[in-house]
Amino acid sequence: MELITVLQILDSTVRLATPLLLACLAGLFSERAGIFDIGLEGKMLAAAFFSAAIAAVTGSVWLGLGAGIVASLALSGLHGLAAITFRGNQLISGVAINFLAAGLTVLIAQSWFQQGGRTPSLPGEARFGQITLPGAEALREVPVLGPIYAELISGHSILVYVAFACVPLTWWILYRTRFGLRLRAVGENPEAVDTAGISVVRLRYSAVLICGLLCGLAGAYLATALQAGFVQDMTAGRGYIALAALIFAKWRPWHALYATLLFGFLQAIALRYQNLDLGIVTLPVQAMDALPYILTVVILAGFIGKAVPPRAGGEPYVKER
Amino acid sequence: MERMPKWADVVLIPLISLLLAAVISGLVILAIGEDPINALNLMVKGALGSTYGWGYTLYYATNFMFTGLAVAVAFHARLFNIGGEGQAMLGGLGVALVCLYLPWPHWSLALIASTVGAALFGAAWALMPAVLQAKRGSHIVITTIMFNFIAAAFLNWLLVGPLKPRGGMDPSTARFPEATNLPSLHDLLAPLGIAFSKAAPANISFLIGILACVLVWVLIWRTRLGYEIRAFGHSEPAARYAGISPTKITVITMLISGGLAGMMAINNVMGEAERLVLNATEGAGFIGIAVALMGRSHPFGVFLAAILFGFLYQGGAELALWTSIPRELIIVIQALVILFTGALDNMVRIPLERIFMALRRRGA
């Protein structure tokens, strides 16, 4: 295989891993604080629609991004209301949010644009453009390293760099700040946090809102950077793949990066080769589609190290009286 | 002391939740510039105004009865089976294999065998998540979600590859032989002198759905196994102390649940399409969640909720036909029902409990 082919696949891996990574880190904040979130998919979808819709109407991708984040935060707030304030079932709330987003986005898109549940195609300035890093063109001629820098590292939209920067940032917040310590504690043992005089409710709401912010970025990336506009159900299960990646990463930030890169790589391969000839067997494209889920089940089965979720995850906290 | 009478818990709370969902749906319709009252009229007329409409309503309701029962049975053991969609897809595969590869002299025999095939395939798809939950403690919600996607990819592959007939254009199996075609409600009601629409897809599976509701009621409230399932659902330590094996109950409950979800296929695959097509389930597995929550996990409640959702589905299709409201309105209503009856249950319950407490104090 030639270097340029490899680079193209890796380049597409980075593009496809970005929304997974953002959603995975979103889930990480929420679940580390003890709030299960299977509504990542819905939040991304809502953000994708509103970012594309507002970008299409105003012509500004930044206003679109803002609208996407607001939409995602609103759904996060709803999840918080159900899961934290009313101590409802977090999983059921997540399911409801996914359906709410799936239905409302099409309904509103049809009402605003009359294009069969999609937004108009976004012109150049209403999308996130590719950023050429300094010296990319000049260094292109350098053997091996030049093309790697010019093709793989340079030339992505700003949200890709933001997503990758979020990994060390998340690590730092979780493991090096007081907020992060408390956040992890509230996911393991909320009674202890409460006893220390820290508000469990406030901590969990902030975690859920950070989750909303990151899902908003992921959705906006899908509709305004990876593609040019919103189409019905454009998240296509990415929220669930991110959830799978989160388990794969065992709820750790750096591992979330590796897991989403792996799943992004699988998507890139599936996109490029319809059927993958491995010499001995030919893998159909459907096998590539199913692979992230199969790998997650294998991990969950505990064959490759056990994935233990945060101990208080999914349990509503009832303050003692 | 009970905080409020049982009837309030069983009837009043679901009704208030439904009302809230209806009001918000009405506001959504207003917001997109349509008239909610007119929309409701259209839905009632389209879904219940003719035997054709009823035929579709009952057809959808049959699907939702099976998937609703599947979720409800699992709820009794405090298991959240979100994998009804995948299990129903596999059930479709079971039906297709039975109908295509075995010779059948009469539809009645084919129906029995297909029901067994659908239940076995559905149950088999629930087995792995159940064992992983029972033995490895991995969360059943996550594993069943993963299995939904694996099922979709698997069927996708089967229908574009091995199961596609030579020369077939679309991704589906060959048509099932004539002898396996189920009688529709038209055929069943004609001897009784009742004229029922010939074009509507409701078929004999509707009666099997009702039978399934009765059998699940018997199972849950009149058998030892049902008692063990409920005991396990109320308190795992207490059930363990009473000698009930958590592993056994988890696996058996999920097998029953998966089997019920799979049995949906006798309605949509055998009764309606008469071949297995891509995405035959059309989300019915997920509607089962709303149906089970709305029906309070009781088979009779599931029956009523399934009819309600059948009405919403057929009514929604009519709306999409006559107004500019897309079919996706139904997904919004479904989401709101799940939200209010499932996740925001306490929002309705706590104020209601206060009212009943206040009334009781005044009475005393």
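Reading guide: rules and limits
Residues numbered from 1 in each chain as written. Chains lettered and ligands numbered in written order. Predicted model: local features only at pLDDT ≥ 70, side-chain atom pairs only at ≥ 80, totals over all residues. Helix = DSSP H or I, 4+ residues; strand = E, 2+ residues; numbered from the N terminus. Rg over C-alpha atoms; globule rule 2.2 N^0.38 Å. Buried ≥ 20, exposed ≤ 12 C-beta atoms within 10 Å, placed from the backbone. Contact = placed C-beta atoms within 7 Å. Nonpolar A, V, L, I, M, F, W, Y, C, P; charged D, E, K, R; others polar. Axes fitted to C-alpha atoms, helices over the stretch in contact; angles between N-to-C directions. Parallel < 35°, antiparallel > 145°, perpendicular 65-115°, else oblique. Left-handed = near helix turned anticlockwise from the far one by under 90°. pLDDT = per-residue confidence, 0-100. Expected span 1.5 Å × (residues − 1).

**Things to note about the overall build of chain A**
Here comes step 1: Assigned secondary structure in chain A consists of 13 helices and two strands.
Here comes step 2: The C-alpha radius of gyration computed for chain A amounts to 20 Å, which stays within 12% of the reference 20 Å derived for 321 residues, consistent with globular compactness.
Here comes step 3: Taken over the C-alpha atoms alone, chain A extends approximately 70 × 50 × 40 Å along its principal axes.
Here comes step 4: Split into buried and exposed, the 321 residues of chain A put 53% on the buried side.
Here comes step 5: Sequence-distant contacts, at least 24 apart, represent 76% of the contacts inside chain A between residues at least 6 apart.

**Regarding the overall build of chain B**
Here comes step 1: The number of helices and strands found in chain B is 16 helices and zero strands.
Here comes step 2: Taking 2.2 N^0.38 as the reference for a compact globule, 364 residues should give roughly 21 Å; the C-alpha atoms of chain B span a radius of gyration of 21 Å, in line with that estimate.
Here comes step 3: By principal-axis analysis of the C-alpha atoms, chain B measures approximately 75 × 55 × 40 Å.
Here comes step 4: By the burial criterion, 52% of the 364 residues in chain B qualify as buried.
Here comes step 5: Residue pairs in contact within chain B that sit at least 24 positions apart in sequence constitute 77% of those at least 6 positions apart.

**A few points about the interface of chain A and chain B**
Here comes step 1: Residue-level contacts link 37 residues of chain A with 35 residues of chain B.
Here comes step 2: Elements that contribute at least two residues to the side of chain A that touches chain B include exactly helix 4 (90-113), helix 11 (238-248) and helix 13 (285-300) of chain A.
Here comes step 3: Broken down by element, the side of chain A that touches chain B gets its largest block of residues, 14 residues, from helix 4 of chain A.
Here comes step 4: Of the residues in the side of chain A that touches chain B, the class split is 24 nonpolar, 11 polar and two charged.

**Quick word on the packing of helix 3 (residues 51-76) of chain B against helix 13 (residues 284-294) of chain B**
Residue and element names in this part refer to chain B.
Here comes step 1: At their nearest, the axes of helix 3 and helix 13 sit 7 Å apart, and the two run at 60° to each other. Relative to helix 13, helix 3 is oriented oblique. With respect to the hand of their crossing, helix 3 and helix 13 are arranged in right-handed fashion. Packed against helix 3, whose contacting residues are N63, F64, T67, G68, A70, V71, A72 and F75, the element helix 13 presents A284, G285, I287, G288, I289, V291 and A292 at the interface.
Here comes step 2: Each residue belonging to the contact of helix 3 with helix 13 can be placed in one class, and the counts come to 10 nonpolar, five polar and no charged.

**Looking at the confidence of the model for chain A**
Here comes step 1: Residues with a pLDDT of 70 or more make up 98% of chain A, whose mean pLDDT is 89.
Here comes step 2: By mean pLDDT, strand 1 (residues 276-277) of chain A is the weakest element of chain A at 70, and helix 7 (residues 158-176) of chain A is the strongest at 96.

**Focus on the confidence of the model for chain B**
As a note on interpretation, predicted positions should not be read in detail where pLDDT is low.
Here comes step 1: Confidence in the prediction for chain B averages 92 pLDDT; 99% of positions are at 70 or higher.
Here comes step 2: Prediction confidence for the complex, expressed as pTM and ipTM, is 0.91 and 0.90 respectively.

**As for the packing of helix 2 (residues 40-58) of chain A against helix 3 (residues 61-85) of chain A**
Residues and elements named next belong to chain A.
Here comes step 1: The interhelical angle for the contact between helix 2 and helix 3, taken along N-to-C directions, is 150°, at an axis separation of 7 Å. By the criterion of interaxial angle, the relationship of helix 2 to helix 3 is roughly antiparallel. For helix 2 against helix 3, the interelement crossing comes out right-handed. The residues of helix 3 that touch helix 2, namely those facing G42, K43, A46, A47, A48, F50, S51, A52, I54, A55 and T58, are V61, L63, G64, L65, A67, G68, I69, A71, S72, L75 and S76.
Here comes step 2: The residue makeup of the contact of helix 2 with helix 3, split by class, is 14 nonpolar, seven polar and one charged.

**Focus: helix 3 of chain B**
Residue and element names in this part refer to chain B.
Here comes step 1: Taking 1.5 Å as the rise per residue, helix 3 with 26 residues should run 38 Å; its terminal C-alpha atoms sit 36 Å apart, in good agreement.
Here comes step 2: Summarising burial for helix 3: 24 of the 26 residues are buried, a large majority.
Here comes step 3: Two residues or fewer after helix 3 comes R78, characterised by a positive phi angle close to 55°.

**Overview of unusual backbone geometry**
Residue and element names in this part refer to chain B.
Here comes step 1: Of note in this structure, R78 is not a glycine but carries a positive phi near 55°.
Here comes step 2: Of note, R78 is situated in the loop between helix 3 and helix 4 (84-101).
Here comes step 3: With 15 C-beta atoms packed within 10 Å, R78 lands in the partly exposed category.
Here comes step 4: One non-glycine residue with positive phi stands out, namely S297, at about 60°.
Here comes step 5: Locating S297 in the fold gives a position in the loop between helix 13 and helix 14 (299-322).
Here comes step 6: Taking the number of C-beta atoms within 10 Å as the measure of exposure, S297 has 21 and is therefore buried.

**Some points on the environment of A47 of chain B**
All names here are of chain B.
Here comes step 1: Mapped onto the elements of the fold, A47 is located in helix 2 (residues 36-48).
Here comes step 2: The exposure class of A47 is buried, given the 25 C-beta atoms found within 10 Å.
Here comes step 3: C-alpha separation for the pair A47 and T57, spaced 10 residues apart in sequence, amounts to 6.0 Å.
Here comes step 4: In this view, A47 contacts G53, T57, F311, Q314, G315 and E318; residues no more than four positions away in its chain are not counted.

**What about the environment of A47 of chain A?**
Residue and element names in this part refer to chain A.
Here comes step 1: Within the secondary structure, A47 sits in helix 2.
Here comes step 2: Along the sequence, A47 and G116 sit 69 residues apart, while their C-alpha atoms lie 19 Å from each other.
Here comes step 3: Excluding anything up to four places from it in sequence, A47 contacts G68, I69, A71, S72, C215, G216, A218, G219 and A220.

**Quick look at the environment of M128 of chain B**
Residue and element names in this part refer to chain B.
Here comes step 1: When you line up the elements, M128 lands in helix 5 (residues 107-136).
Here comes step 2: Judged by the 18 C-beta atoms lying within 10 Å of it, M128 falls in the partly exposed class.
Here comes step 3: For the pair M128 and L255, spaced 127 residues apart in sequence, the C-alpha separation works out to 9.8 Å.

**Things to note about helix 6 (residues 140-160) of chain B**
Each α-helix turn comprises 3.6 residues. Residues three or four places apart therefore point the same way.
Here comes step 1: Under the 1.5 Å per step criterion, the end-to-end length of helix 6 of chain B is 30 Å for 21 residues, consistent within 8% with the ideal 30 Å.
Here comes step 2: Judged by how many residues are buried, helix 6 of chain B sits mostly within the fold: 17 of 21 residues are covered.

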